[in-house]
Amino acid sequence: MPDPMVPPTPPVPLEALLARADLGLRRIAGPDDPGTVVHWAHASEMADPYPYLLGGELLLSAGVHIPEGAGAGYFDAYVSRIVAAGGTALGFGLAPVHDAVPGALVEACEMHGLPLLEVPPRTTFSGVARAVWQLMAQSRLAELRRVTEAQQSLATAAARPDPVRPVLHQLAQRIGGWAVLFAPDTTELATSGTTPPPETRQALTTLTKVVRPPTATGSHADAAAGSHADAATGSRAAGAARVGDGGPPARAKPRVGEAPGKRRHVTPAPTLTPTTASDTVNGTHLAAYALTPGHGYVLGVASPQRTPSDHTITSVAAALLTLLTGQQQSGTGAAHSSALVRLLLGSPPEDVAPLLGGERWRVVHAEPDGQATPDPVSAAALGAALGSALVDPAGEVVRILVPADRPVEPLPGWTLGVSTAAAPPDWPDADTQAARALARARATRAPLLRHGDRPALTDLVPPHDADAHARSLLAPIAAAPALTDTLRTWLSLHGSWDRTAVALSVHRNTVRQRIARCAALLEADLDDPDVRMELWFALRRT
């Protein structure tokens, strides 16, 4: 928590004041530390300024308080009180009282490590104070501009097809460090930036236990073990989060009539899990931010510095990642959980479907553009874009159940295959439709293809007779799934060798060989459109 006595403005480096030619300030004693900063300027002629200082001041004095014949003892006491109050530096004004800075004052500032500035006669104390506030305003404006630009870049990254890694990349660039998204089991799901040394990396992983609820990783025992690990590594943040558990457990007073030595269980008071924690390891500033409370996802950052604007930028990234990784625990989430339990316990899908919020649904198969395999976080973000939390990241393809009343539109970075609207008993067929639509979309390089839902000629034939005819016609190739799949894909793509090869991820010569084999086994002329049409009707029944 920031010090309430420090103003909500960025401090001014003392070097920046010394660099102002219009002020003409000159350092004549004290350390030359570029990290010295000024929070405000204050003029006082009190012999003991301690009661009137808050800390961080550039104290300005013309030496009116110095008595005649003051020796080293007076100046030593004066400077020591400024240092004790937290003063940053002392500015001594020349004229009209003193023509030069007293030598004993210079020695006292040198001994106590307090920077001593000589203020020339032409520079007023109000001019110094005005310069401090001008530099503060400039710094504040630069800080606001930096935060605004970072917010814009993070929001743009969050709108990308695979948003998690771009958000981490922008965050790492903006803070000049390393950003990582931890899974509930502390696995690093995604990272960006310059990877810190192993010791620092492990310290950041340990720090995540402070903001992660005990149930997020398995048990309270694990959390307790993590707390002991934090204590062993000397994590200040972990220690802060464990305020009150440093001593032995308190004993409950015996009840009336109870033996004093009898042990009785004492239920500990519940503790709140902090949402943020910070630490410093080998000069690297570490911070952990809890995402989606109760789920266990944590954002970790490691950076060479830690400014208020860095905290603001990281908080924005944490808020975006919370939206991207979290599933809101609402009535909908409870209904989905109930539906899953009922399915596992044997309830038929048609009885469970009403809990999902609709009677008819579409199955969507999605594949990311490029070679990357979708991770759970990217799959969840895709589901959110389609308006559904029912997402299954099955290998290279993500499957989503989308309510029939929600439109499915193309999404940048994804290739989609969409089934017709189906009731729960027909969901397996809809899954097959979506898979075939995705295969055609890949082959034609279309961002989205839908399975047709118009009545077909096959609907005029009784299903039993159609199924029997299909089995009889395709019997010669039924034992070879590769031939059946190749024939189905080849016919759906109007006999295109190249597009079929793309859809099946095989060489075009392999497609030619398989189609020739099908023609031989079926004893059919596959160049005949009537034969093709009959085979296509049969394949649709299998």
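Please refer to the structure placed before this passage.
All figures in this text were calculated on a predicted structure; none of them were measured in a lab. (Residues numbered from 1 in each chain as written. Predicted model: local features only at pLDDT ≥ 70, side-chain atom pairs only at ≥ 80, totals over all residues. Heavy atoms only, no water.)

Engineer: Hey, could you go over the overall build of the protein for me, with residue numbers and the actual values?
Structural biologist: Tallying secondary structure elements over the protein gives 19 helices and 17 strands in all. In the protein, buried positions account for 40% of the 542 residues. Intrachain contacts of the protein at a sequence separation of at least 6 include 65% that bridge at least 24 residues. Here the protein has roughly 28,800 Å² of accessible surface; of this, 56% comes from carbon and sulfur atoms. (Helix = DSSP H or I, 4+ residues; strand = E, 2+ residues; numbered from the N terminus. Buried < 20%, exposed > 50% of the residue type's maximum accessible area, 1.4 Å probe, protein only. Contact = heavy atoms within 4.5 Å. Areas by Shrake-Rupley, 256 points an atom, 1.4 Å probe, with all protein chains shown as cover.)

Engineer: Can you break down the packing of helix α16 (residues 481-492) against helix α17 (residues 497-504) residue by residue, with the values?
Structural biologist: Two elements in contact, α16 and α17, have axes separated by 9 Å at closest approach and are oriented at 130°. Comparing the axis directions of α16 and α17 gives the class oblique. Where α16 crosses over α17, the handedness of that crossing is right-handed. The segment α16 lies against α17, with Thr486, Thr489 and Trp490 engaging Trp497, Thr500, Ala503 and Leu504. By residue class, the composition of the contact of α16 with α17 is four nonpolar, three polar and no charged. (Axes fitted to C-alpha atoms, helices over the stretch in contact; angles between N-to-C directions. Parallel < 35°, antiparallel > 145°, perpendicular 65-115°, else oblique. Left-handed = near helix turned anticlockwise from the far one by under 90°. Nonpolar A, V, L, I, M, F, W, Y, C, P; charged D, E, K, R; others polar.)

Engineer: Any chance you could break down the nonpolar core for me, citing the residues and the numbers?
Structural biologist: Among the nonpolar cores identified, the biggest contains 26 residues, and Val164, Leu168, Leu171, Leu299 and Leu321 are the most heavily contacted of them. Among the elements of the structure, α4 (125-158), α5 (164-175), β8 (178-182), β11 (284-291), β12 (297-303), α10 (308-325) and α13 (376-386) are those that each provide at least two residues to this core. Ignoring sequence-local partners within four residues, the contact set of Leu171 consists of Leu154, Ala179, Leu299, Val301, Ile313, Thr314 and Ala317. Counting 18 residues, the second-largest nonpolar core is a separate cluster that includes Phe75, Ile82, Ala85 and Leu90. (Core = buried A, V, L, I, M, F, W, Y, C linked by side-chain atoms within 4.5 Å.)

Engineer: So what's going on with unusual backbone geometry? Residues and values would help.
Structural biologist: The peptide bond linking Ala95 to Pro96 adopts the cis configuration, its omega dihedral lying at 5°. Even without being glycine, Ala95 reaches a positive phi, approximately 65°. Mapped onto the fold, Ala95 is located in the loop between β6 (89-93) and α3 (103-112). The backbone phi angle of Thr186 is positive, close to 70°, even though this residue is not glycine.

Engineer: An account of the sheet that holds strand β13 (residues 361-368) is requested, with residue identities and associated values reported.
Structural biologist: As a general point, the strands of a sheet are linked pairwise by backbone hydrogen bonds and lie either parallel or antiparallel. Strand order in this open sheet of five strands is β14-β15-β13-β16-β17, and the pairing throughout is mixed. Because the sheet does not close on itself, it has two edges, and the strands there are β14 (391-394) and β17 (448-450). Within this sheet the neighbouring strands show an average axis-to-axis angle of 20°, counted without direction. Sheet topology note: the strand β16 (residues 414-418)/β17 ladder contains three bridges and is parallel. Residue Val418 lies in a different strand from β17, and its bridge partner there is Arg450. Docked against the sheet, helix α14 (residues 427-444) engages β13, β15 (397-403), β16 and β17, running at close to 35° with respect to β13. (Pairing = 2+ DSSP bridges.)

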